Amino acid sequence: MGNVSQHQPQPWPAASATGVGSWPGEDPDEAMRTLVGELPDLPHLPELPARGAGADMIGRAAGLLVDLPVEVQPTGWRVVDTPGRDLARAGSFLSYDLDALTEHLHTYEGPLKIQVAGPWTLAAAIELRNGQRVVSDPGARRDLAESHLEGVLAHIADVRRRVPGARVLVQVDEPSLPSVLLGVLPTASGLGVLPAVDRVRVEGVLRTLFAAIADAGAVPAAHCCAAGVPVDLLRRSGARALSLNARLLGRAHDEMIGDAVEAEVGLLLGVVPSTDPPATVASRTFEAAPGVATTALGGSTAMSDPAAIVDPVRELWNRLGFSPDLLSRVVVTTPTCGLAGASPRHARAALEAARSGARVLRDEPRR
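Computed from a predicted structure; not experimentally measured.

What exactly am I supposed to notice about the sheet that holds strand β5 (residues 219-223) here?
In any sheet, the strands associate via hydrogen bonds between backbone groups, in a parallel or an antiparallel arrangement. Across the sheet, six strands lie side by side as β3-β4-β5-β6-β7-β8; this open sheet has parallel pairing. Looking at which strands have only one partner, the edges of the open sheet turn out to be β3 (110-117) and β8 (331-335). Each adjacent strand pair in this sheet contributes to an overall mean axis angle of 25°, direction not counted. Alignment of strand β6 (residues 241-245) against strand β7 (residues 266-272), held across five bridges, turns out to be parallel. Each residue of the ladder has a partner; that of asparagine 245, found in β7, is glycine 270. Across the sheet, helix α2 (residues 57-64) is in contact with β3 and β4 (166-173); its angle to β3 comes to roughly 95°.

If you want it as structure tokens, here you go:
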């Protein structure tokens, strides 16, 4: 490895930081104001799930579906015959969020990230009328993927109208993708598991989606913070950036990550804990994948030592053998996951720490 173009085109400035997606609180204007201030180089449209069903990742994406109405049942979102108040609420939440985006960024020029749940995570979360997951039915999966694609493209067009100077990155959130591929999703009864979906089918759906996003003038990205993230599959599907939890990447991922970097795929790497540390613990050891050195990141240590925060990234880059000068151009630092479960204070501190870590990658790329 190590043979990467010195002019690798990435849609963000060097030493950028951003968030994964969700944010604490219920006020979209306050959230947008904070994120624009904390993330000047790569702001994103936040999700505020504290507002309730329809404001969460699944609800927001469900509200984008075209001609495929769903509603909230005790077990989650379910396909229904006609749209109801749940979809109206999801649409209202997104409208408020987009209005806040317009208010704060209508004259902005630069990269802007939006997030949407991916087709496989939606298929794993949404139920058919019989209570089984959509992912269990090939025909229903196909209908969902087509409806999702149409809705995502309309969403991109809306964002581009509102912020015409933005280069839009579309982060497709696929936290359930490993479970779909492994066949570990429980059936409706909970007594069994659904069979794994063929990797070729999974890749085909994602390739169609990512190609359509690119054709719409946006940058397709994929997020999965699970330990079993299928890096190669996402790269082959056409994702031009991968959002991953750096602290779950071990040596077993090195070749896949190296192949992605050589293919000029950017990396959004989670380096800052996304939830508040236990109040009674001054520091703790962060659980990492085999082959990744653990670092004490609890309490104030997580926020006060940016070099320690990005050590896993610098170690990974050193193992891959790429030029240190490329590190801060290829890698964007982020929290390890969304920040909806954090206190407002920790959420802001997490973004500040991510920004500080990004500067370390630029100024001190070698550990």
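Anyway, onward from the coordinates.
What is the right way to look at the pairing of β7 in this model?
Consecutive side chains of a regular strand alternate in pointing toward one face of the sheet and then the other. Most of β7 sits inside the fold, with seven of its seven residues counted as buried. Handedness of the crossover is the feature at issue here: the chain leaves β6, passes through helix α9 (residues 254-262), returns alongside β7, and the resulting connection is right-handed. Taken together, the five bridges between β7 and β8 define a ladder with parallel strand orientation. Its bridge partner lying in β8, leucine 269 is registered against threonine 333.

In this structure, what is going on with the pattern of salt bridges? I would like to understand it.
Charged atoms that come close allow side chains of opposite charge to pair. Counted according to the given criterion, the structure contains 19 salt bridges. Between arginine 367 and aspartate 311 there is a salt bridge; the shortest N-O distance is 3.4 Å. Of this pair, arginine 367 sits in the segment after α14 (344-363) while aspartate 311 sits in helix α12 (residues 311-320), placing them 56 residues apart in sequence. Assessed through its relative accessible area of 66%, arginine 367 is described here as exposed. Arginine 362 serves as the salt-bridge partner of aspartate 363, at 2.9 Å between the closest nitrogen and oxygen. For arginine 362, a relative accessible area of 42% gives the class partly exposed. A single salt-bridge network, built from bridges that share partners, covers Asp99, Asp158, Arg161 and Arg162.

Conventions and cut-offs
- Residues numbered from 1 in each chain as written.
- Predicted model: local features only at pLDDT ≥ 70, side-chain atom pairs only at ≥ 80, totals over all residues.
- Heavy atoms only, no water.
- Pairing = 2+ DSSP bridges.
- Helix = DSSP H or I, 4+ residues; strand = E, 2+ residues; numbered from the N terminus.
- Axes fitted to C-alpha atoms, helices over the stretch in contact; angles between N-to-C directions.
- Contact = heavy atoms within 4.5 Å.
- Buried < 20%, exposed > 50% of the residue type's maximum accessible area, 1.4 Å probe, protein only.
- Right-handed = clockwise from strand over helix to strand, strands pointing away.
- Salt bridge = Lys/Arg side-chain N within 4 Å of Asp/Glu carboxyl O.

Interpretation note: all reported values are geometric properties and have no functional meaning in isolation.
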